[in-house]
Amino acid sequence: NNVDECDFTFEYEVVRERERVREEKHILSEEDLEIISDKLRMLKRGMMISVRYYDTDCYVTMKGLVAGIDELSHILTVVKTKIKFEDIYDIEIPE
């Protein structure tokens, strides 16, 4: 039974890797960087957000609760995922 679970997890990870569309990281304009900075300043722990960020070789969109904002290290934590400010492409804060 444990072996089946491991095989399923492995297959799931392989499928997820295939779904990733590799792309170059976009260079943001000064205006876009300012908008992201403004949104980061609005964030509070426990807020539900959607964040699009560059992860290794492609862009990923994640929805979840803000778990932390480390302005010193420039890291946003959504649930348990740590995202560098410099990798953020967009943040949506639902009303």
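Residues numbered from 1 in each chain as written. Predicted model: local features only at pLDDT ≥ 70, side-chain atom pairs only at ≥ 80, totals over all residues. Heavy atoms only, no water.

**Student:** Got a minute to help me understand the environment of His26 in this structure?
**Tutor:** Note that His26 resides in the loop between α1 (2-19) and α2 (30-42). We classify His26 as partly exposed; its relative accessible area is 39%. Taking the C-alpha atoms as reference points, His26 and Tyr59, separated by 33 residues in sequence, lie 9.6 Å from one another. Not counting chain neighbours up to four residues away, the residues in contact with His26 comprise Tyr59 and Tyr89. (Helix = DSSP H or I, 4+ residues; strand = E, 2+ residues; numbered from the N terminus. Buried < 20%, exposed > 50% of the residue type's maximum accessible area, 1.4 Å probe, protein only. Contact = heavy atoms within 4.5 Å.)

**Student:** Quick question: what am I supposed to make of unusual backbone geometry here?
**Tutor:** Leaving glycine out, the prevailing phi sign among residues is negative, and the prevailing peptide bond configuration is trans. Positive phi values are uncommon outside glycine, yet Thr56 reaches one of about 65 degrees. Summarising the element assignment, Thr56 is placed in the loop between β1 (48-55) and β2 (58-70). One non-glycine residue, Val79, lies in the positive phi region at around 55 degrees. Position of Val79 relative to the elements: it lies in the loop between β3 (75-78) and β4 (81-84). Classification of Val79 by relative accessible area gives partly exposed; the value is 47%.

**Student:** Can you walk me through the nonpolar core in this structure?
**Tutor:** Across soluble globular proteins, nonpolar side chains have a tendency to be buried as a group. Ranked by size, the top nonpolar core spans 15 residues in total, and within it Leu40, Ile49, Val51, Leu76, Ile88 and Ile91 carry the most contacts. Mapped onto this core, the elements with two or more residues apiece are α2, β1, β2, β3 and β5 (88-92). At 3 residues, the largest contribution of residues to this core is made by β1. Leaving out residues up to four positions away in the same chain, Ile91 has contacts with Ile36, Lys39, Leu40, Leu43, Ile49, Ser50 and Val51. (Core = buried A, V, L, I, M, F, W, Y, C linked by side-chain atoms within 4.5 Å.)

**Student:** Could you clarify how one ought to interpret the pairing of β1 in this entry?
**Tutor:** A regular strand carries its side chains on alternate faces of the sheet. Sheet topology places β1 next to β2; 8 bridges connect them, and they run antiparallel. Residue pairing in the sheet places Arg52 in a bridge with Thr61 of β2. If you look at the hairpin formed by β1 and β2, you'll find 2 residues sitting between the two strands, and Thr56 has a positive phi there, around 65 degrees. (Pairing = 2+ DSSP bridges.)

**Student:** Sorry, what's going on with the packing of aromatic side chains here?
**Tutor:** Given two aromatic rings, one states the distance between the centres and the angle between the planes to describe the pair. Overall, the coordinates contain 2 aromatic pairs when judged by the stated rule. Measuring from centroid to centroid gives 5.0 Å for Tyr54 and Tyr59, while their planes differ by 65 degrees, and the two rings are edge-to-face. In terms of burial, Tyr54 and Tyr59 fall into one category: buried. (Phe/Tyr/Trp six-rings, centres within 6.5 Å; stacked < 30°, edge-to-face > 60°.)

**Student:** What is the right way to read the pattern of salt bridges from this model?
**Tutor:** A full pass over the atoms with the stated rule returns 5 salt bridges. Two residues, Arg41 and Glu34, come together in a salt bridge whose shortest N-O distance is 3.5 Å. On the basis of relative accessibility, which here comes to 44%, the residue Glu34 falls in the partly exposed class. Through salt bridges with shared partners, a single network forms among Glu34, Asp38 and Arg41. (Salt bridge = Lys/Arg side-chain N within 4 Å of Asp/Glu carboxyl O.)

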